[in-house]
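# Summary of structural features
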Amino acid sequence: MLSVLRVHLPSDIPIVGCELTPYVLLRRPDKTVTTDDVPESAPLDGHFLRYKWYRIQSDRKVAVCSVHPSEQATLQCLGCVKAKIPVAKSYHCSPKCFSDAWQHHRVLHDRAASAVNENGNEEEEIFGRYNSSGSGVINASLTGSASSTSLTNGSTPLYPAAVTQRSGGETWFEVGRSKTYTPTADDIGHVLKFECVIVDAETKQPVGHPNTILTSRVIPAPSPSPRRLIPVSGADMLGNLQSDGRVSSSGSFTVLSYNILSDSYASNELYSYCPSWALSWPYRRQNLLREIVGYRADIVCLQEVQNDHFEEFFAPELDKHGYQALYKRKTNEVYSGNIHTIDGCATFFRRDRFSHVKKYEVEFNKAAQSLTEVAVQTTQKKAALNRLVKDNVALIVVLEAKFSNQGADNPGKRQLLCVANTHVNVPQELKDVKIWQVHTLLKGLEKIAASADIPMLVCGDFNSVPGSAPHSLLAMGKVDPMHADLLVDPLAILRPHSKLTHQLPLVSAYSSFLRGVGLGLEQQRRRMDPTTNEPLFTNCTRDFIGTLDYILYTADSLTVESLLELLDEDSLRKDTALPSPEWSSDHIALLAEFRCVPRPRR
């Protein structure tokens with residue numbers, strides 16, 4: 001007969017908005033062991049599994065710490081209450097917790113004070129608007145009040161909520177009837193109970209005792225401090241906001257570039273400082289989606305997107321928000337294992353702002369094979385391929401804008417845009433390969449530019465710090481022949497050094513913080529390196545902090561209107577590296593608003 005051997009949860013702490021799917025180990029009638037489900041629609045040997053979820057509510061109020069969400073709060077910041085900051089952010093588990101977090105916590109007070117402009121209206125913030133109605137507010141459900149009369153969770157249809165009274169001042173509310181349950185704001189501060197029992201398919205009666213497991217208290221999904229768009233052109237940014245908060249004007253558009261940290265790389269060993277529940281993919285995917293959607297970018301370039309996560313999560317979820325998706329996974333000539341763990345580059349664009357014209361897929365492995373056939377001696381071909389073949393790709397898309405700022409002198413002219421998205425994750429010791437990949441990508445973009453009068457954007461994680469040879473090639477158009485990076489070139493693929501140039505007028509978008517005009521720029525300039533014109537960091541782990549990610553644009557056809565503000569030490573909690581409960585990648589997102597600049601007639 002069918003029997004349950006073991007039930008446990010993959011995460012110790014349930015979080016609002018993150019699916020909970022218990023691990024249920026079964027023994028089949030033939031004595032084999034499996035984790036496959038046995039639903040009522042497909043019973044096994046006349047039996048199936050029935051699941052139920054309960055919320056255990058106590059008469060006692062419970063609030064959780066905003067810094068350590070797994071801990072119960074013991075004090076509240078009254079300044080937050082007066083400033084109308086979401087109440088969840090006001091709780092702390094101890095005086096020491098509040099004292100240690102004060103430098104970060106004070107930022108919330110400062111933001112609340114500055115969020116009211118001279119007209120008395122609250123200033124809209126890019127990420128904050130999306131979270132403002134989320135699960136961060138501890139509501140009346142903490143008092144033990146009754147839940148709604150009907151419910152749904154996962155694929156379960158609506159049905160009346162069952163209530164079982166318990167002794168000791170506890171009430172059990174039935175909240176789900178499927179194996180997977182997604183905690184809601186009503187669950188915050190409460191323990192959940194999962195129950196599975198074997199049921200006779202004919203009588204519909206339970207067989208034996210149910211297997212149960214209790215969770216810890218449900219916590220709200222931590223939300224980081226909002227990041228605002230800072231104007232750099234001197235224009236009034238707020239005047240360009242639509243009713244839904246998205247930046248839009250006749251000729252401007254926004255572009256997001258973000259390495260989201262593939263789940264296959266997010267190991268507990270590598271990121272031991274991040275709580276395991278915050279490193280789990282069910283939590284991170286929801287947090288990343290919340291962040292990405294909150295930016296409301298017209299074009300989104302993501303790196304380290306796993307093949308299965310693109311197909312099963314990001315493409316369908318962003319489709320709901322009006323995005324069309326394009327994807328290029330890494331080539332796998334040198335990869336062994338499950339194809340679904342291969343990551344790649346994903347580019348999304350809003351259908352109401354752009355239409356897809358053409359896609360180019362750059363496979364550096366193919367370029368390496370072509371190079372070795374022409375430039376490497378036969379005896380060295382195998383060694384050369386071993387060095388050059390690193391599985392990296394780039395995705396280049398040509399889009400047509402559904403808006404125009406060409407003016408009356410160019411009526412009806414198509415506004416095209418070329419967007420390159422890449423992840424150059426070559427080991428640091430292979431400097432020649434990294435430079436060669438960047439050079440190969442730029443030469444491909446030059447060919448596209450030669451065939452059409454088209455603005456260009458180059459986005460991605462180049463794993464190259466400012467001032468390195470790849471960065472110099474991207475942002476300066478050339479590499480100093482005496483650059484130290486050029487000393488590593490065993491295959492002579494970088495010679496002559498004079499060939500390491502390109503004719504695209506590329507400029508790093510974030511350099512506009514140093515030369516722009518507008519309010520709030522002084523604070524951003526302190527977060528920039530004036531010697532390289534780049535942010536102080538876009539990647540922050542315990543082992544490394546520095547800039548690896550860039551958005552570059554052709555300065556003769558595009559101009560930067562505004563930029564997403566950078567993070568600094570005040571934006572990250574004390575002694576915290578990335579990823580963290582608030583930020584679910586070890587990289588930070590970059591976002592720029594551009595305006596097309598009509599080129600003069602030739």
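Residues numbered from 1 in each chain as written. Predicted model: local features only at pLDDT ≥ 70, side-chain atom pairs only at ≥ 80, totals over all residues. Heavy atoms only, no water.

### Looking at the sheet that holds strand S21 (residues 456-461)
Strand order across the open sheet formed by six strands is S18-S19-S20-S21-S27-S22, with mixed pairing between neighbours. The sheet is open, and its two borders are formed by strand S18 (354-363) and strand S22 (506-508), each paired with just one other strand. Neighbour to neighbour, the strand axes of the sheet diverge by 20° on average, direction disregarded. One ladder, built from nine bridges, connects S18 with strand S19 (residues 393-401); its direction is antiparallel. By the bridge assignment, Glu-363 is partnered in S19 with Val-393. Sheet strands in contact with helix H10 (residues 431-451) are S18, S19, strand S20 (416-423), S21 and S22, and its direction is about 160° off that of S21. Packed onto the sheet, helix H11 (residues 469-476) meets S21, S22 and strand S27 (549-554) and runs at close to 25° relative to S27. (Pairing = 2+ DSSP bridges. Helix = DSSP H or I, 4+ residues; strand = E, 2+ residues; numbered from the N terminus. Axes fitted to C-alpha atoms, helices over the stretch in contact; angles between N-to-C directions. Contact = heavy atoms within 4.5 Å.)

### Side note on the pairing of strand S2 (residues 23-27)
Inspection of the sheet shows strand S1 (residues 3-8) paired to S2 by five bridges, in the antiparallel sense. Each residue of the ladder has a partner; that of Ser-3, found in S2, is Arg-27. Relative to strand S3 (residues 33-34), S2 is paired through two bridges, and the arrangement is antiparallel. Residue pairing across strands places Leu-26 opposite Thr-34, the latter belonging to S3. Where S2 folds back onto S3 in an antiparallel hairpin, the turn is made up of five residues, including Lys-31, whose phi is positive at roughly 80°.

### Re the nonpolar core
Ranked by size, the top nonpolar core spans 66 residues in total, and within it Phe-253, Ile-299 and Phe-594 carry the most contacts. Broken down by element, the residue count for this core peaks at six residues, all from helix H6 (residues 281-295). Residue contacts for Phe-253: discarding those within four places in its chain leaves Asp-298, Ile-299, Arg-353, Phe-354, Phe-403, Leu-417, Leu-457, Leu-558, Ala-592, Glu-593, Phe-594 and Cys-596. Membership of the second largest hydrophobic core comes to 42 residues, among which are Ala-420, Val-438, Leu-445 and Leu-500. (Core = buried A, V, L, I, M, F, W, Y, C linked by side-chain atoms within 4.5 Å. Buried < 20%, exposed > 50% of the residue type's maximum accessible area, 1.4 Å probe, protein only.)

### Section: the sheet that holds S3
A sheet is described by the order of its strands in space; here three strands give the open sequence S1-S2-S3, paired in antiparallel fashion. The open sheet is flanked by S1 and S3, the only strands paired with a single partner.

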